[in-house]
Amino acid sequence: MTANTPYAKTGADYGRTRDADASRGALVVAVRPDSPAYDAGIEPGMRVLTVAGRPLTDMTVWLWEADDETVELEVFDPSDETVCPCELERMPGEDWGLEFDGAVFDGMRTCVNACVFCFMTMLPKHMRGTLYIRDDDYRLSFLQGNFVTLTNMDDSDVADVIDHCLSPMNVSLHAVTPEVRRRLMGKNAGRGMEVLEQIMAAGIEVHAQIVLCPGINDGEELERTLTYCEEHPAITSLGIVPLGYTRFQHRFTSSYSDDPAAARAVIAQVEPYQERMRAACGRTVFQLADEFYLDAGIEPPAAEHYDGYPQYYDGIGMVRTYLDETRAVQEAEQERLSAVRSELDRRGMRLVVVSGMAARDIIAGFVEAKPLEGRVAGIKNNYFGGNVDVTGLICGEDLLAQLDDDLGGVMLFVPEVMFNADALTLDGYHQKRLVADLTTRGAETHIASTMPTDLLCALEGALGLAAHVHTAKE
Ligand code: SF4
């Protein structure tokens, strides 16, 4: 926090970490032709400074203030450095036609915590800088579903959430006992509970999360946290995910992945809460990450147990989804799957699909079964080490080191989830570089989603079968 922060602080001294000038507004990166913004003369490169008289600091302001059929803006034009008022009008339901550069425009709020399980502190030192940014921005909780601790929010932030009804919020809860929270998250942990209680009392819905660390917030503390959530109906889902750790730290040497009995014990501990919730309101609410079931050797519960998958992107319910989609595709698409296998045979090609070790057997249930009869190449994560084994964290150097040197006759599918928006793996390998290397080994390489439906479509596309079907119908 800097001494010249323009924002009044009425709470305790919790850090505010805005690093950009709020008066610069939002950069316009695209304007849809014939839209209200286009008709008003707004162009890419201009900056919207205010909306309805309010500084445009982030997309929550835009969504709130630009909700009517007219809106007044102040727009900065860098070509002549003028600021002009601008009124936009639209038809009911019409989009304004503006695309901004990101979701927050006055600087990301970073965290003021020191979580013992923080993955950022477990990274090797030489990775790209953006991976070390520890964001904890309540606006991104509402806009993008990021989990936030609420520990860096002052009273004006809390008022912003309540006044503008930023609901639901995704909140990292972890524990409820003050000493345990401090041990887990650091000295600001108390503020998180204060804010949580305030926003829940104001009617904000909360999706909460626990990172379960053996010996710290499991056992009796988990019982207390589950009870707290059961007593607060504003918490409509609680995701429980296991500790993950890399080899670049010394605090942890094991987790549930190394201890099936401990994983089974957690499942058994949570089940009574799930059952009470299902009896009381028809929803499970308490949801365990897929890893607990995989580690315990227990099949994940049925789809209806997941309440519509509110924490899917936190790794909760992906295995169930994959299993159900496998069954559905295998039942309904035998003809298409057989056509793929026949075409691979006709070309003399083998199918290989890359996966992290955690999901290897699940994906094999589709890829290695008849009629596809391909092979899943499980990649061990030596780069991060520890217990890191998910597909999204596979690194380029492990992929290249662990696939065969001779990939002649292989049609290879590499999961798209390994790459960020700039087509880079976590260790900085560009998609093109990986594909080029694998091509020199003889593989025909494709980057695709490896969900059953997506993979089948990608295979048909790669083999020219989709076009063939289309032409045949014509
Ligand atoms: S809130 Fe905790 S886990 Fe998240 S970035 Fe900050 S220190 Fe790391």
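Rules and cut-offs
Residues numbered from 1 in each chain as written. Predicted model: local features only at pLDDT ≥ 70, side-chain atom pairs only at ≥ 80, totals over all residues. Heavy atoms only, no water. Helix = DSSP H or I, 4+ residues; strand = E, 2+ residues; numbered from the N terminus. Polar contact = N/O pair within 3.5 Å; in protein donor to acceptor, adjacent residues only side chain to side chain. Phe/Tyr/Trp six-rings, centres within 6.5 Å; stacked < 30°, edge-to-face > 60°. Buried < 20%, exposed > 50% of the residue type's maximum accessible area, 1.4 Å probe, protein only. Salt bridge = Lys/Arg side-chain N within 4 Å of Asp/Glu carboxyl O. Core = buried A, V, L, I, M, F, W, Y, C linked by side-chain atoms within 4.5 Å. Contact = heavy atoms within 4.5 Å.

1. Comments concerning the side chain of N152
Summarising the element assignment, N152 is placed in the loop between helix 3 (138-144) and helix 4 (155-163). From its side chain, N152 meets the backbone oxygen of T110 in a polar contact 3.1 Å long. A polar atom in the side chain of N152 sits 2.9 Å from the backbone oxygen of D136.

2. So, the packing of aromatic side chains
Counting across every chain of the model gives nine aromatic pairs. When the centroid spacing of 5.9 Å and the interplanar angle of 85° are considered together, the rings of Y309 and Y312 count as edge-to-face. Owing to a relative accessible area of 17%, Y312 belongs among the buried residues under this scheme. Ring centres of Y383 and F384 lie 5.1 Å apart, and the angle between their planes is 90°; this geometry places the pair in the edge-to-face category. Taken together, the ring pairs connect Y306, Y309, Y312 and Y313 into an aromatic cluster.

3. Let's talk about the pattern of salt bridges
One pass over the full model with this rule turns up 24 salt bridges. Among the ionic pairs, R278 bridges to D307, the shortest N-O distance being 3.8 Å. Pair noted here: R278 is in helix 8 (residues 260-281) and D307 is in the loop between helix 9 (290-296) and helix 10 (318-332), with a separation of 29 residues, a long-range link. The closest approach of N and O atoms between E333 and R336, which form a salt bridge, is 3.4 Å. Here E333 falls in the partly exposed class, since its relative accessible area comes to 24%.

4. Remarks on unusual backbone geometry
Glycine aside, a negative phi is what most residues show, and trans is what most peptide bonds show. A cis geometry characterises the amide bond from S167 onward to P168, with omega recorded as 5°. Summarising the element assignment, P168 is placed in the loop between helix 4 and strand 7 (169-172). Notably, E81 is not glycine yet its phi reads approximately 55°, a positive angle. Along the chain, E81 falls in the loop between strand 4 (70-77) and strand 5 (82-89). The exposed category is assigned to E81, whose relative accessible area is 62%. One non-glycine residue, D307, lies in the positive phi region at around 55°.

5. Focus: the nonpolar core
Counting 61 residues, the largest nonpolar core has M169 and F292 as the members making the most contacts within it. Excluding residues within four positions of it along the chain, F292 makes contact with L212, I240, V241, P242, Y256, A263, V266 and I267. Ranked by size, the runner-up nonpolar core spans 27 residues in total, among them L351, V376, L455 and L465.

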